[in-house]
Amino acid sequence: MFRCFKFVCFLLFVPFLQLDAQISDNILWAKLGIQKKLQPKTTVFFAPILRLNDDISAYQDFSLDYAVRQKLNKHFSIQLTGRTWFLRDGRKRQFIWPQVSFANTFEYWKVSSFLRLHYAMDIDDVEDADFLRWKTSLTVLKFAKTQFFTGIEPWLRFNSFNELQRIRYSIGAKQIMSDQLSLSLDWWLQKSINLNPEQNVNIYVLAINYIL
């Protein structure tokens, strides 16, 4: 099992060793995540997100996430997420994301995966693509209150394309400060597929997570 874990980790880290693709921008997402358990199997989430682009030098936009998750059993859960995106020109983007998630914890690591339908409502004359996203992550739990994780997430586009157009590789760490508070930092290497010109960006996600 441990050899399998090391092999999968190697596969997930390989893209970060191949940084020959032209990076068009470096973007920071600053996020405050708040969650509250309403019932033993029902949790709600709320997260404002501020974004800086142009190599983290200029205000890009702001969004609000809101979600509810229902745990089905030890490994599976379902979730419905909404994101309202406020653009600099005053227009909005609206997304709705239903998803099914799986997680399994072993002695020193955890594997998790979700399948998400990324649906855009196309409001305010902003046309967004629709995707099917599948993310798989591995988290190392060996170091008490410090967790390390890596993941891969291909995006299959609909809208008459029906092909992969994006893939996101992630690596990061989470520090648990208390039972209610944690801090995390993710690096997403987001690369385009089947697009010309390519749109490759580094996204850094700095998050404060609080449990009510």
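For the structure itself, look to the data block above.
The model shown is predicted, which means the values in this text are computed figures rather than measured ones.

Definitions and cut-offs
- Residues numbered from 1 in each chain as written.
- Predicted model: local features only at pLDDT ≥ 70, side-chain atom pairs only at ≥ 80, totals over all residues.
- Heavy atoms only, no water.
- Core = buried A, V, L, I, M, F, W, Y, C linked by side-chain atoms within 4.5 Å.
- Buried < 20%, exposed > 50% of the residue type's maximum accessible area, 1.4 Å probe, protein only.
- Helix = DSSP H or I, 4+ residues; strand = E, 2+ residues; numbered from the N terminus.
- Contact = heavy atoms within 4.5 Å.
- Pairing = 2+ DSSP bridges.
- Axes fitted to C-alpha atoms, helices over the stretch in contact; angles between N-to-C directions.
- Phe/Tyr/Trp six-rings, centres within 6.5 Å; stacked < 30°, edge-to-face > 60°.
- Lys NZ or Arg CZ within 6 Å of the ring centre and 35° of its normal.
- Patch = residues over 30% accessible without salt bridge, like charges linked within 9 Å, V, L, I, M, F, W, Y side chains within 5 Å.
- Areas by Shrake-Rupley, 256 points an atom, 1.4 Å probe, with all protein chains shown as cover.
- Salt bridge = Lys/Arg side-chain N within 4 Å of Asp/Glu carboxyl O.
- Lys, Arg positive; Asp, Glu negative; His and termini not counted.
- Charge placed at Lys NZ, Arg CZ, Asp CG, Glu CD.

Looking now at the nonpolar core. With 13 residues, the main nonpolar core has W29, W85, F95, W188, I203 and V205 as its most contacted residues. Elements that contribute at least two residues to this core include exactly β1 (25-39), β5 (92-105) and β11 (201-211). A total of three residues in this core trace back to one element, the largest contributor, which is β11. Here I203 is in contact with I27, W29, D186, W187, W188 and Q190, once residues within four sequence places are set aside.

Reading around the barrel, the 11 strands line up as β1-β2-β3-β4-β5-β6-β7-β8-β9-β10-β11 and close back on themselves, with mixed pairing between neighbours. Neighbour-to-neighbour, the strand axes of this sheet turn through a mean angle of 20°, independent of strand direction.

Let's shift gears to the packing of aromatic side chains. Enumeration over the complete set of coordinates arrives at nine aromatic pairs. Note on W29 and W85: the rings are 6.3 Å apart at their centroids and 90° apart in plane angle, and the pair reads as edge-to-face. Placement of W29 in strand β1 and of W85 in strand β4 (residues 76-86) is noted, with a sequence separation of 56 residues between them. Here W29 falls in the buried class, since its relative accessible area comes to 9%. With a centroid separation of 4.6 Å and 25° between ring planes, the pair formed by F106 and W109 is classed as stacked. Taking relative accessible area as the criterion, W109 reaches 12% and is therefore assigned buried. Taken together through their ring pairs, the aromatic side chains of W29, W85, F95, W97 and W188 make up a single cluster. For R93, the ring lying beneath its charged end belongs to W85, and the centroid distance is 4.4 Å. Against the face of W97 rests R133, its NZ or CZ located 5.4 Å from the ring centre.

Moving on to a negative patch on the surface. A grouping of D122, D124, D125 and E127 is seen on the molecular surface, where their side chains present a negatively charged patch. Within the element layout of this structure, D122 appears in the loop between β6 (109-120) and β7 (131-143).

Right, let's talk about the pairing of β6 for a bit. Where β5 and β6 come together, nine bridges link them in antiparallel fashion. By the bridge assignment for β6, S101 is matched with F114. Between the antiparallel neighbours β5 and β6 lie three residues. Where β6 lies against β7, 10 bridges are found, and the strand directions are antiparallel. When the bridges of β7 are listed, H118 appears paired with F131.

This next bit is on a positive patch on the surface. A cluster of basic residues, K37, K41, R69 and K71, forms a positive patch at the surface. Topologically, K37 is positioned in strand β1.

Treat this as a map of the structure, not an account of what it does.
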